[in-house]
Amino acid sequence: MLYERGGIMNEYISDWIKVILNCGFDNTYKMAWAKSIMECVIEDRSDGEELVIDFDSIAEKALKHYWNQTIYFDLIQGSNLKKPPEMITYTKKLISDYRKATGSTQPMRIEKIDFRKHGIQRNYNETVKEIHKTLKKDVSWRFLNYESEKMELYSLNRKEGWIAIEKTHAELLRTYQETLYPIINYRWTQMLESFNFAPRISKKVRAIDEDKVRRSPLTKYRQYLDLMNGENGRLCFYCGKEISDREISIDHVIPWTYMFSDDLWNLVYCHKGENSRKSNRLPTESDIEDLEIRNQRLIEKMSEAGKTKSKNYDQLQLAIEKDYVRQFWISFKG
Ligand SMILES: [Zn+2]
């Protein structure tokens, strides 16, 4: 464990750690609560004897985390797959309001959105209010329960909707943030891995945290996909017709937001309009069969062309051996 100068780690911090590591796996509320409180403490610059944090501030941070994890990767935040946690239902409602107001299906971090400009500031405020209610009702007091004890991490006023942290404790939280953040993230990710079947959960969470969710250009895959060109040039994977240079696009058959990875075995040429990102296409069983056949032919073509000394060749071979196309498709459709 961690040691402070001259002794065991501070008891207040170790109480936080105990609570975080002992949370049940019903949903991720307590992690959102802990992380949001930490952020409020770190941003606070006030100078009183205690730091008072109102539930609206915590709710705004929780909404930020849930929005970003949902709009990019639609991560499942609770163990009951039929009934998502209500904070996620509120978050999804706001995402849908945002999409209607802007007409955009492109994911966007909440920090970058001007809700007033889009005419949905009221919807945002309502969402914060709903999350505030859930925090008050379910999370704020339950968080303090540890085995049969009640931890004194903060004083709580549920009626007025705030918590207060002593100044010395707030300073400890700031001092130990490098310890506490990773523990919260670790626990949150563990929960997500137990609820979600999607691959690369921890990579997704980290990318969202660090604002590094990027799509890389796929042009480097053209040299392989072009090996499949017939007499008619490049053919669309979905409709089978020729694609002109202006209409060409490379598509992830199993969506990128699910895989969070570019893999040759999952990439095909198609007409721009048929791109899964735009139409939210779910691959059908016949798409999956076609992709399996395509991969067989592609690896033959790569062998003929002498392109066997690349990571892409090895990965494609592995994907065929391990039946990735079908395995990931089955897990994706749930
Ligand atoms: Zn097409």
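Scroll up for the structure.
Below you will find a few notes about this structure. All figures in this text were calculated on a predicted structure; none of them were measured in a lab. (Residues numbered from 1 in each chain as written. Predicted model: local features only at pLDDT ≥ 70, side-chain atom pairs only at ≥ 80, totals over all residues. Heavy atoms only, no water.)

## Some remarks on the pairing of strand E3 (residues 50-54)
Two faces belong to every sheet, and in a regular strand the side chains alternate between them. Here is the rule: Any residue under 20% of the maximum accessible area for its type is buried, any over 50% is exposed, and the rest in between are partly exposed; the area is computed with a 1.4 Å probe on protein chains only. What counts as a helix is a DSSP run of H or I of at least four residues, what counts as a strand is a run of E of at least two, and both are numbered from the N terminus. Think of it this way: DSSP has to see at least two bridges between two strands before they count as a pair.
Alternating positions in E3 separate cleanly, Leu51 and Ile53 being buried on one face and Glu50, Val52 and Asp54 remaining unburied on the opposite face. Strand direction decides the pairing type here: E3 and strand E7 (residues 162-166), joined by five bridges, are antiparallel. In the sheet register, Ile53 faces E7, and the bridge partner there is Ile163.

## A few points about the nonpolar core
Selection rule: Grouping buried Ala, Val, Leu, Ile, Met, Phe, Trp, Tyr and Cys residues that are joined through side-chain atoms within 4.5 Å yields what is termed a nonpolar core. Residue ranges for the domains originate in an automatic or database domain assignment.
Grouped together as the largest cluster of nonpolar side chains are 103 residues, with contacts concentrated most on Trp16, Trp33, Ile37 and Ile165. Taken domain by domain, the makeup of this core includes at least three residues from each of domain 1 (3-209) and domain 2 (219-333).

## What about a nonpolar patch on the surface?
Our working rule: Here the term patch refers to residues with relative accessible area over 30% and no salt bridge, with like charges joined within 9 Å and nonpolar side chains (Val, Leu, Ile, Met, Phe, Trp, Tyr) within 5 Å. Here the Shrake-Rupley method, with its probe set to 1.4 Å, supplies the accessible areas, and only the displayed protein chains count as covering residues. Whenever Lys or Arg places a side-chain nitrogen within 4 Å of a carboxyl oxygen from Asp or Glu, that contact is recorded as a salt bridge.
Residues Ile76, Leu81 and Phe197 make up a contiguous nonpolar surface patch of roughly 310 Å² in combined accessible area. Locating Phe197 in the fold gives a position in the loop between helix H7 (177-195) and helix H8 (201-209).

## Notes on the pairing of E7
Here strand E6 (residues 155-157) runs beside E7; their pairing, made up of three bridges, is antiparallel. Paired with Leu156 across the bridge in E7 is Ile163.

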